[in-house]
Amino acid sequence: MKKLLLILLLSFNFTLIYAQEINGAIQKEEINDVMEQWHHAAATTNFDKYFGLMAADGIFIGTDASENWQNDEFRNFAKPYFEKGKAWNFTTIERNIYLSNSDNTAWFDELLDTQMGICRGSGVLTKIDGTWKIRHYVLSIAIPNDNVSEITKIKKDFDSTYIAKHKQ
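Everything quoted here is computed from the prediction, not taken from an experiment.

**A few points about the sheet that holds strand β6 (residues 131-141)**
In space, the 6 strands of this open sheet follow the order β2-β1-β6-β5-β4-β3, with mixed pairing throughout. Both edges of this open sheet fall to β2 (68-70) and β3 (91-99), since each of them pairs with a single strand only. The sheet shows a mean angle of 15° between the axes of neighbouring strands, direction not considered. Note that β3 and strand β4 (residues 105-114) share 8 bridges and pair antiparallel. The residue bridging Y98 from the neighbouring strand is W107, located in β4. Along the sheet face, helix α3 (residues 71-83) touches β1 (54-61) and β2 and points at about 105° away from the line of β2.

Below is the structure:
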């Protein structure tokens, strides 16, 4: 009887672990799909779809030091690009997705092929009413380490002015 109980208990534990792994894989597929839809919506200038995949209080941080936008600000910035049929086209090279223990929050990093060359995106998604939404996104231009010195020289004047302005 004790052996049977032990076998049942072990079977139940293995079933739970397997179910959690399957659920995690499904969640990651859903998140990957959201990100692919989001990038596709920009490439096809589908404004409503693009912003529909973001949380209402979502944040977009762009490549320029001044680009730290709340959702409404980002919509205002992006709308003319979408209306002209010329938004941006990012193609995924690779993406890593991580889930919280609660399965309601995820974070990711991705490498992208863009009109700016290779960029890195990273962000956070949360489940809102059962649907994954992008809550925070950061886009960076990837600069090879061997080129950092020359890039630093190129942006030195801008950086000095920007820093001085924001220290006031």
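**Re the packing of aromatic side chains**
Under the criterion given, the structure shown has 24 aromatic pairs. Ring geometry for F51 and F82: centres 6.3 Å apart, planes at 55°, overall tilted. On the criterion of sequence distance, the pair formed by F51 in helix α2 (residues 47-52) and F82 in helix α3 is long-range, its members being 31 residues apart. As far as the burial class goes, F51 and F82 line up, both buried.

Conventions adopted
- Residues numbered from 1 in each chain as written.
- Predicted model: local features only at pLDDT ≥ 70, side-chain atom pairs only at ≥ 80, totals over all residues.
- Heavy atoms only, no water.
- Pairing = 2+ DSSP bridges.
- Helix = DSSP H or I, 4+ residues; strand = E, 2+ residues; numbered from the N terminus.
- Axes fitted to C-alpha atoms, helices over the stretch in contact; angles between N-to-C directions.
- Contact = heavy atoms within 4.5 Å.
- Phe/Tyr/Trp six-rings, centres within 6.5 Å; stacked < 30°, edge-to-face > 60°.
- Buried < 20%, exposed > 50% of the residue type's maximum accessible area, 1.4 Å probe, protein only.

Honestly, that's just the spatial picture; any functional story needs more than this.
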